[in-house]
Number of protein chains: 2
Amino acid sequence: MKNNIKVWRAKNDMTQEELSKKVGVTRQTINAIERGKYDPSLELAFSLASFFDCRIEDIFAYEQQKE
Amino acid sequence: MKNNIKVWRAKNDMTQEELSKKVGVTRQTINAIERGKYDPSLELAFSLASFFDCRIEDIFAYEQQKE
DNA sequence: ACAATATGTAATGTATGTTTTACATGGTGA
DNA sequence: TCACCATGTAAAACATACATTACATATTGT
């Protein structure tokens, strides 16, 4: 699962910490997701899409693994 | 978080077990999600949307909690 | 040089998502 | 009635998401 949260953040000119507060998680969580350490919960994905006023698919790209 | 997996299943005339195999989880997982015991991971949400050929937002409805 | 800010990172603990195994119940068809 | 199928459910174990605390590094402005 890839994401472009960093780009969305840049578009909105905000730091990881600012975004984290807006979506109700910690800075470390945003950082870890941006760096691909793990994927967010569906709830957090919705929060991010809601905040950036876009669709989840506009932030996250899912690569099908098996055929 | 609400979902209408049951409706999508009905549209495609398939059982929980059939769907679970298609998206690569167990029957119990589909059952638990349908019954609202917990929300799926973002990955599973993508798998479901991919299988039903729709958007995640067409299956899951997220209710904003704070303001 | 110093302070402040943004980001990376690591350890520990907790909560939640998922599997496995197993059993129970209700409906349906022979 | 009996067998079969779909669904509900529960416990244990494991994997992952997230919080908290803490420290490190790089950049920037003064």
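In the block above lies the structure referred to throughout.
Student: Run through the interface of chain B and chain A, naming residues and quoting values.
Tutor: Across the contact, 15 residues belong to chain B and 15 residues belong to chain A. Summing both partners gives a buried area of about 1,500 Å² for chain B against chain A, and 63% of it is carried by carbon and sulfur. On the chain B side of the interface with chain A, the three residues burying the most area are B:Leu42, B:Phe46 and B:Tyr62, jointly 40% of the side's total. Counting across the chain B and chain A interface gives 0 salt bridges. Counting across the chain B and chain A interface gives 4 residue pairs in polar contact (both at pLDDT 80 or more). Elements with a minimum of two residues in the side of chain B that touches chain A: α4 (42–52) and α5 (56–59) of chain B. Residue composition of the side of chain B that touches chain A, by class: 8 nonpolar, 4 polar and 3 charged.

Student: Tell me what's going on with the relation of the copies chain B and chain A, and back it up with residues and numbers.
Tutor: For the pair chain B and chain A, the best superposition has an RMSD of 0.0 Å and corresponds to a rotation of 180° with a translation of 0.0 Å parallel to the axis. Here the transformation between the copies is reduced to the relation of a two-fold axis. Closest approach to the rotation axis among the C-alpha atoms of chain B is made by B:Leu42, whose C-alpha sits 2.3 Å away. The fraction of interface residues of chain B whose copies in chain A are also interface residues reaches 100%, indicating that both copies meet through the same surface.

Rules and cut-offs
- Residues numbered from 1 in each chain as written.
- Chains lettered and ligands numbered in written order.
- Predicted model: local features only at pLDDT ≥ 70, side-chain atom pairs only at ≥ 80, totals over all residues.
- Heavy atoms only, no water.
- Contact = heavy atoms within 4.5 Å.
- Buried area = accessible area lost by both parts, 1.4 Å probe.
- Salt bridge = Lys/Arg side-chain N within 4 Å of Asp/Glu carboxyl O.
- Polar contact = N/O pair within 3.5 Å; in protein donor to acceptor, adjacent residues only side chain to side chain.
- Helix = DSSP H or I, 4+ residues; strand = E, 2+ residues; numbered from the N terminus.
- Nonpolar A, V, L, I, M, F, W, Y, C, P; charged D, E, K, R; others polar.
- Least-squares fit on C-alpha atoms with pLDDT ≥ 70 in both.

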